Structures are given as C-alpha cells and as structure tokens.
Amino acid sequence: MTTVRTETAAVTTEAMRAALPDLELDDSPATLEAHRTDRSSMPGSDHPLVVARPDSAEQVSALLSYANGHRIPVVPQGTLTGVAGAASASDGAILLDLTRMNRILRVSREDMIAVAQPGVIVSDLAEAAAAEGLFYAPDPASAQIATLGGTVATNAGGMRCIKYGVTRESVRSLEVVLADGTIMSTRPRTVKTVGGLDLTGLIVGSEGTLAVVTEVTVRLLAAPGPERGVLGLFPTLTEGLTATNRIASGARTPSRLEFMDGLCLQALRNHLPDADIPAGANAWVLAVTDAHDGAEEDLASYETTLLRAGASSVHRAATAEELEEVLSVRRRLQPSAKSLRGGSVEGDIGVPRSTLVDFAARMPGLSERFGVTIALGGHAGDGNLHPIVAFDPSDPGAHARAEEALRTLSRLAQEMGGTMSGEHGVGLEKLPFLDTEMAPEALNLQRRIKQLFDPNGILNPGKKF
Ligand SMILES: Cc1cc2nc3c(=O)[nH]c(=O)nc-3n(C[C@H](O)[C@H](O)[C@H](O)COP(=O)(O)OP(=O)(O)OC[C@H]3O[C@@H](n4cnc5c(N)ncnc54)[C@H](O)[C@@H]3O)c2cc1C
C-alpha cells in the first residue's frame with residue numbers, strides 16, 4: 001500500500017476509502033502501472049497513490065475537495081493517448097480516470113449543440129451528431145481512441161483545422177470542477193455572450209492544470225457535403241509548399257490541406273509495397289473540399305493552382321471512396337516512419353505558413369549535422385508539420401542525436417515565429433521550450449492565473465507551466 005506524506009497527515013488509500021466510500025479506488029500494481037504514462041516516451045512516476053474512477057461531477061468534487069485539503073496531487077486522465085506526457089503520473093498522485101463518465105447527454109438539432117461527459121470517445125460523439133444530420137468537426141487522428149475531455153484539455157487538432165479550427169472553436173461551454181471542489185459552468189450555452197472573460201477558452205488546452213472538465217457542450221454544424229479531393233505531385237518540395245500556401249490563402253478554403261515530402265513517400269512505399277504510392281515526386285499535396293455547392297469549382301480551382309505552382313501531375317479523388325483510399329495512405333505515415341532507417345522519433349512544430357518553405361529548406365543541412373534523416377509531412381495548410389527524424393538504431397548514439405535534432409527543430413520553429421507544439425501539447429516533453437515560446441511577462445501571467453485557479457498546486461503539478 002502506498003502512503004503519501006502530505007503537509008497535513010499521512011494519506012493512504014484506506015483513509016481515502018473511509019472518507020470517500022462511494023468512489024471507486026484501485027491501487028493494485030497492475031492498475032497503477034497501466035495508468036503510469038501516456039503514449040509519449042515520458043516515463044511517469046512509479047509511485048502514484050491510487051487510480052480513482054468517479055462517475056459524476058459530484059464525486060469529482062468530493063475527491064478534489066479531499067485532495068485539496070490534504071494537498072494530494074491529482075492527475076486527470078482520459079484514455080492516455082496523449083503524446084507529450086501531459087497525463088503521466090506524479091509521485092503520490094491520485095490518477096483521476098474520467099473514462100467512466102462516458103454518457104452523451106443531449107444532441108439538440110435546434111440549438112446545434114451536444115452535451116456530453118468527458119469520457120465519451122470523440123468518434124462516438126461525432127456519430128451521435130451525424131445520426132441527427134449534424135457534424136462535430138474536430139477530427140484528431142486518435143478520434144476513435146481519445147476522449148472528449150482529453151481532446152478539450154489538449155485543444156487537439158487534426159486534418160480539418162484549416163476550415164473548422166482546432167477543438168477550442170467547437171467548445172461552447174464547460175462544466176468544470178475547480179481544485180477546491182467547486183462545480184462551475186464557464187458560460188451560458190448561447191451562441192454569443194460578452195458577459196465576462198473567456199474562461200472556456202482558458203481551460204481548453206490547459207492540460208488538466210486549471211480544472212477538471214466534467215461536462216462539455218460542443219457546437220455542432222450542419223453536415224457538410226461528401227468530401228472529394230485533388231492530389232498534386234511535385235518535382236520539388238518548394239513547389240509543393242508554395243502550392244499549399246496559395247490554396248490556403250485563396251478564396252476556396254479546403255476542408256483538408258495535407259502535405260508530404262519525398263522522404264515520407266519513400267517511407268510509405270517501403271511500408272506499404274502494394275499501395276499505389278507515386279515514385280519520383282518530392283512533394284505530395286492533397287486539397288479536399290466538402291462544400292455542398294461549388295465543390296466542382298473548388299476542385300477545378302485547386303487543380304489550376306497546383307499546376308500553376310509546378311505540379312508534374314494532378315489526380316482527382318472524385319468520390320468519397322477514392323478519397324478515403326488516399327487519406328488512408330496519408331494516415332499510415334506515422335507507422336511507416338521506422339521503415340526509413342529502422343528507428344524514428346516524431347515532432348509537432350507549427351510555423352507561420354509564409355516561413356514553411358524556408359523551414360523545409362533547412363532540413364538537408366540539419367539531417368547532415370545530426371547524422372539522421374528528416375522527413376516532413378503534416379497539416380501544411382495550418383503550418384503544422386510533424387517532422388520525422390529517422391535514425392539507424394544500430395548506430396550507438398543515433399537515437400540521442402535524433403532527439404537532439406527534434407529539439408533543434410522546435411527551437412528553429414520558435415525562432416521563425418512559430419511554436420514547439422502545434423497540437424500535441426506541452427505536457428512534460430515540451431517544458432524545456434516554454435521560456436523561448438512566449439514573452440516572460442506572458443508566461444508569468446499564466447503562472448499567476450494557475451495560482452488563482454489552484455492555489456495549492458494540486459492539479460497536474462509539474463506539467464504545462
Ligand atoms: C494514433 C494517435 C494519433 C493522434 N492524432 C492526433 C491528432 O491528429 N491531433 C492531436 O491533436 N492529437 C493527436 N494525438 C494525441 C492525443 O490523442 C490527443 O492529445 C488527445 O487529445 C488525448 O486524449 P486522451 O483522452 O487520450 O487524453 P490523455 O492523454 O489521457 O490526457 C491528455 C491531457 O488531458 C488532461 N485531461 C484528460 N481528461 C481531462 C478532463 N476531463 N479534465 C481535465 N483534464 C483532462 C490530462 O491531464 C492530460 O493533460 C494522437 C495520438 C495517437 C496515439
């Protein structure tokens with residue numbers, strides 16, 4: 001049994017059971033191990049106290065009130081699909097597993113909203129909306145495994161952000177529990193309100209450090225039309241990125257605008273020998289429309305732009321099925337990365353689109369400097385790329401050099417006016433980049449806001465700030 005010595009007294013799971021008899025608590029070694037960390041390489045503490053599984057906001061409130069009183073750290077957790085260590089266990093922490101709170105409470109056609117608990121899986125919410133002819137736009141590639149609460153807390157992105165924005169744009173209001181156990185709604189569910197500061201926006205993306213999300217009201221949209229797309233292949237990376245910039249800043253905003261360089265295509269060819277992946281191209285650009293009206297004009301305009309930017313060929317994915325084939329190849333990029341050299345690590349930088357070409361031009365030099373291979377692919381329409389740093393695992397020190405190359409890429413993105421994380425979050429992994437991410441005054445203000453929300457620092461300590 002783990003004992004946590006706090007400022008007030010020694011706390012054990014038994015003491016918690018006595019104080020919170022209705023709450024499901026589990027401190028078996030197997031459960032603690034399963035909740036130790038997310039999918040990042042951050043290890044997470046070996047010594048958390050217990051996993052708690054509340055089934056209501058009231059239970060979360062009672063737990064936080066208890067934890068606050070005893071100064072016990074609390075780490076909110078969804079399904080642990082995060083890739084930055086944001087949900088990794090801390091020493092002596094209560095790991096607050098929110099997956100039992102998984103009910104979709106309401107889908108309203110009239111108000112075009114859905115109300116759901118945080119443990120709902122994102123794709124389940126999207127399906128419930130679709131059943132009413134409505135559309136939940138956020139689509140992280142983890143939509144079938146990640147929770148709504150986790151995606152709200154990390155402000156998750158995905159492929160559709162160029163048109164619909166990140167998760168924040170789809171969150172109308174939140175019910176949260178504050179560190180002292182207070183249950184609070186952040187704003188009315190109306191489309192518009194100017195009656196206060198944007199607490200919803202502040203909590204979205206706060207990675208479990210400001211409050212625990214216990215209910216989410218999301219904005220729904222009218223269902224879009226069937227998606228269709230145009231794929232352009234380019235002899236050079238510069239021409240491909242120039243094309244994405246032109247499409248992104250044009251009048252016909254695509255629903256997806258994705259990019260891969262020649263090395264990404266090589267990785268996919270190695271990994272999927274039977275798939276039809278073009279050889280000889282150094283850039284692959286996919287522009288998709290989901291417009292009801294004007295889809296044909298969109299596709300024609302994307303084709304013209306791709307060709308004018310230098311595409312050696314363009315191909316239409318004229319039906320949703322054909323497009324799905326193309327997208328399914330794009331989605332295999334991350335699993336195929338190791339096929340380049342045997343080992344790989346992946347980044348998540350964002351730069352202003354105007355600097356994408358310049359950023360990409362630095363990759364050959366950096367690859368040489370670190371003795372690795374850097375491939376670029378991702379959501380170029382948002383300036384958000386997921387660099388793949390491939391290395392030879394039989395070369396001692398190559399993994400460490402690949403990690404150093406990734407850190408250099410994060411710094412380079414920041415120097416170019418960008419960010420070290422476009423969508424995956426800060427967690428533990430990106431903490432070393434905070435000082436160079438924003439002005440000291442901005443960081444200081446954020447730390448003071450954290451203190452206001454959580455004066456005893458119990459919520460996800462040591463993360464994000
Ligand atoms: C295959 C794969 C593909 C991915 N694709 C994408 C992608 O396209 N875009 C993208 O942005 N990310 C992506 N991710 C990363 C990950 O899925 C997202 O970060 C997701 O939002 C995490 O959700 P989760 O439920 O797993 O949360 P967890 O990993 O469990 O937690 C993430 C953070 O949220 C906090 N948290 C969780 N629930 C709550 C709550 N109810 N209240 C307060 N805080 C809470 C945790 O403390 C932690 O800080 C991908 C991951 C994988 C494995």
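Anything mentioned here points back to the structure above.
All values reported here derive from a predicted model rather than from experimental measurement.

1. A word on the site of the ligand
Thought 1: Close contacts around the ligand come from 33 residues, with Pro 76, Gly 78, Thr 81, Ser 142 and Thr 147 the closest.
Thought 2: One of the backbone N or O atoms of Ala 141 is found 2.8 Å from an oxygen atom in the ligand.
Thought 3: Between the ligand and Thr 154 there is a distance of 2.8 Å, counted from an oxygen atom to a side-chain nitrogen or oxygen.
Thought 4: Considering the ligand on its own, with 980 Å² of exposed area, one finds that the protein chains cover 92% of that surface.
Thought 5: When contributions to the shell around the ligand are tallied by element, the ones reaching two or more residues are strand E5 (74-77), helix H5 (148-154) and strand E12 (212-219).
Thought 6: Broken down by element, the residue count for the shell around the ligand peaks at five residues, all from H5.
Thought 7: Grouping the constituent residues of the shell around the ligand by class yields 14 nonpolar, 16 polar and three charged.

2. What about the layout of surface pockets?
Thought 1: The space that makes up the second largest pocket amounts to roughly 620 Å³.
Thought 2: Forming the walls of the second largest pocket are 30 residues, and the residues nearest its centre are Arg 168, Gly 205, Val 426, Gln 446 and Lys 464.
Thought 3: Every element with two or more residues in the lining of the second largest pocket is listed here: helix H8 (199-203), helix H17 (434-437) and helix H18 (440-453).
Thought 4: At six residues, the largest contribution of residues to the lining of the second largest pocket is made by H18.
Thought 5: Considered class by class, the residues forming the lining of the second largest pocket number 13 nonpolar, 11 polar and six charged.

Parameters and conventions
Residues numbered from 1 in each chain as written. Predicted model: local features only at pLDDT ≥ 70, side-chain atom pairs only at ≥ 80, totals over all residues. Heavy atoms only, no water. Near = heavy atom within 4 Å. Polar contact = N/O pair within 3.5 Å; in protein donor to acceptor, adjacent residues only side chain to side chain. Areas by Shrake-Rupley, 256 points an atom, 1.4 Å probe, with all protein chains shown as cover. Helix = DSSP H or I, 4+ residues; strand = E, 2+ residues; numbered from the N terminus. Nonpolar A, V, L, I, M, F, W, Y, C, P; charged D, E, K, R; others polar. 1 Å grid on protein atoms, 1.4 Å probe; cavity = no way out; pocket = protein on both sides within 12 Å on 5 of 7 lines; lining within 4 Å. Points joined across faces, edges and corners; volume = space filled by probe spheres on them.

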